[in-house]
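Reading the structure
If you want the building blocks of each chain, they are given just below.
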There are 2 protein chains.
Amino acid sequence: MSRNANGSAPAPEGGWLDGEQQRAWLAYIRLQLRLTYEMNRQLQSDSDLSLPDYDVLTALSVAGGDPMPITVLAAQIGWERSRVSHHVRRMTQRELVRCSPSANDRRVTEVSLTRHGRTVLEAAALGHVELVRRLFFDGLPRELVGPLSQALESVYANTIARGTLPPPVDWHPPGGE
Amino acid sequence: MSRNANGSAPAPEGGWLDGEQQRAWLAYIRLQLRLTYEMNRQLQSDSDLSLPDYDVLTALSVAGGDPMPITVLAAQIGWERSRVSHHVRRMTQRELVRCSPSANDRRVTEVSLTRHGRTVLEAAALGHVELVRRLFFDGLPRELVGPLSQALESVYANTIARGTLPPPVDWHPPGGE
DNA sequence: TGGCATTGCGTGACATGTCACCTATGCTTT
DNA sequence: AAAGCATAGGTGACATGTCACGCAATGCCA
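Right, let's walk through the structure included here.

Rules used in this analysis
- Residues numbered from 1 in each chain as written.
- Chains lettered and ligands numbered in written order.
- Predicted model: local features only at pLDDT ≥ 70, side-chain atom pairs only at ≥ 80, totals over all residues.
- Heavy atoms only, no water.
- Buried < 20%, exposed > 50% of the residue type's maximum accessible area, 1.4 Å probe, protein only.
- Helix = DSSP H or I, 4+ residues; strand = E, 2+ residues; numbered from the N terminus.
- Pairing = 2+ DSSP bridges.
- Contact = heavy atoms within 4.5 Å.
- Axes fitted to C-alpha atoms, helices over the stretch in contact; angles between N-to-C directions.
- Parallel < 35°, antiparallel > 145°, perpendicular 65-115°, else oblique.
- Left-handed = near helix turned anticlockwise from the far one by under 90°.
- Nonpolar A, V, L, I, M, F, W, Y, C, P; charged D, E, K, R; others polar.

The subject of this paragraph is helix α3 (residues 70-77) of chain A. Because an α-helix completes one turn every 3.6 residues, residues spaced three or four positions apart along the sequence face the same direction. All names here are of chain A. With six of its eight residues buried, α3 lies for the most part within the structure. Three or more residues of α3 are buried, namely Ile70, Val72, Leu73, Ala74, Ala75 and Ile77. Downstream of α3 by a residue or two, Gly78 has a phi angle that is positive, lying close to 70°.

Right, here's the structure in full:
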């Protein structure tokens, strides 16, 4: 059915994705594109934050207020360091975060939430969580929540093991290792 | 456990996400960030395409070579129209796609793959599929592929029903309606 | 301690994405 | 057919992201 099923184009090593996999992948990609768009839009219009802003604030907030080196932050949210560097500079101008040189290692810049940043994040979280519930969980049958988590976590672990980006600092692979 | 569980911050309508949902959502977000990064990187270095380039080419290719109006393309891949417009202009300069005014409705611009675009896409698909298999499916237990598809499709449907972006042209909601 | 590779980060040039707004066309109603 | 509205899409200014590179601090080892 798909034009990839027969041999009109060269096949990747190990062949194309099989039917079940095609389905899963298409579902993933489609959803991802839309969700990202919707989250961005909602945050922007309700809280004057972009989704990337929100990702940064959340990561810092989860760290519990401890200042976080740029590199660590980058690994947490899966960005390149230079992107973090630029972005943090902009967020600093908006007083959402603060940078200070580390005492231990003077190459390191540590980023932390400002009070204002925390306030903005908490306010934004309201609408954001609301949206996530409405778009994501309201469409997800209860009994699929567990399997979904398992599937995504399992893929995530694999992504870290075999991808190019360094693991987040607090990462420990699943199972005994 | 989470600082949201008790009442130190104002709660969104309907409360925060519950434990199971938190887990699923975190898994989704984390994975999304990394996967996007890795796909971008691989395409860029192996095929001189960005992930957005690839999304556009794929959408056009799936349409089976029929020219596609900007608006339709935008809905397929979940972008704003103006983004598509800019992007298509750039891709035209690289000879990946072609634009021509529609005969029926002269407001409409129809985009289609060039021969070169198709060639590039087919070449890029090799490495891309390979990466998807390696990062995604090699980490996903067989028995979870089905539930994962179901979960994602179900959320996707909800996203279309309740989101702000128009549905893709070929969209029909699941179940009888 | 003097090289020398490594690490952490910033920067500048450029590619990309967003937003507000413009025009041209088409549709509908009178 | 003219008025008024809706729709398709382009555009320009600006925000954001990427890439290649540079500099300074550190680690390592002879």
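Once you've had a look at it, read on.
On to the sheet that holds strand β1 (residues 68-69) of chain A, then. Residue and element names in this part refer to chain A. Taken together, the three strands give an open sheet; going across it, the order is β1-β3-β2, and neighbouring strands pair in antiparallel fashion. Each edge of the open sheet is held by one strand with a lone partner, namely β1 and β2 (97-101). Alignment of β1 against strand β3 (residues 109-113), held across two bridges, turns out to be antiparallel. When the bridges of β3 are listed, Pro69 appears paired with Glu110. Along the sheet, helix α4 (residues 81-93) contacts β2 and β3; its crossing angle with β2, the most-contacted strand, is approximately 115°.

What follows covers unusual backbone geometry. In this structure, Asp48 of chain A is a non-glycine residue whose phi angle is positive, near 60°. Here Asp48 of chain A lies in the loop between α1 (19-47) and α2 (51-62).

Our focus in this paragraph is the packing of helix α1 (residues 19-47) of chain B against helix α5 (residues 115-135) of chain B. In a packed pair of helices, the relevant descriptors are the angle between the two axes and the axis-to-axis distance. All names here are of chain B. With their axes 10 Å apart at the nearest point, α1 and α5 run at an angle of 150° to one another. Taken together, α1 and α5 sit at an angle that is classed as roughly antiparallel. Considering the relative orientation of α1 and α5, their crossing is right-handed. Where α1 approaches α5, its residues Leu35, Glu38, Met39, Gln42, Leu43 and Ser47 are matched on the opposing element by Ala124, Gly127, His128, Leu131 and Leu135. For the contact of α1 with α5, the residue count by class is six nonpolar, four polar and one charged.

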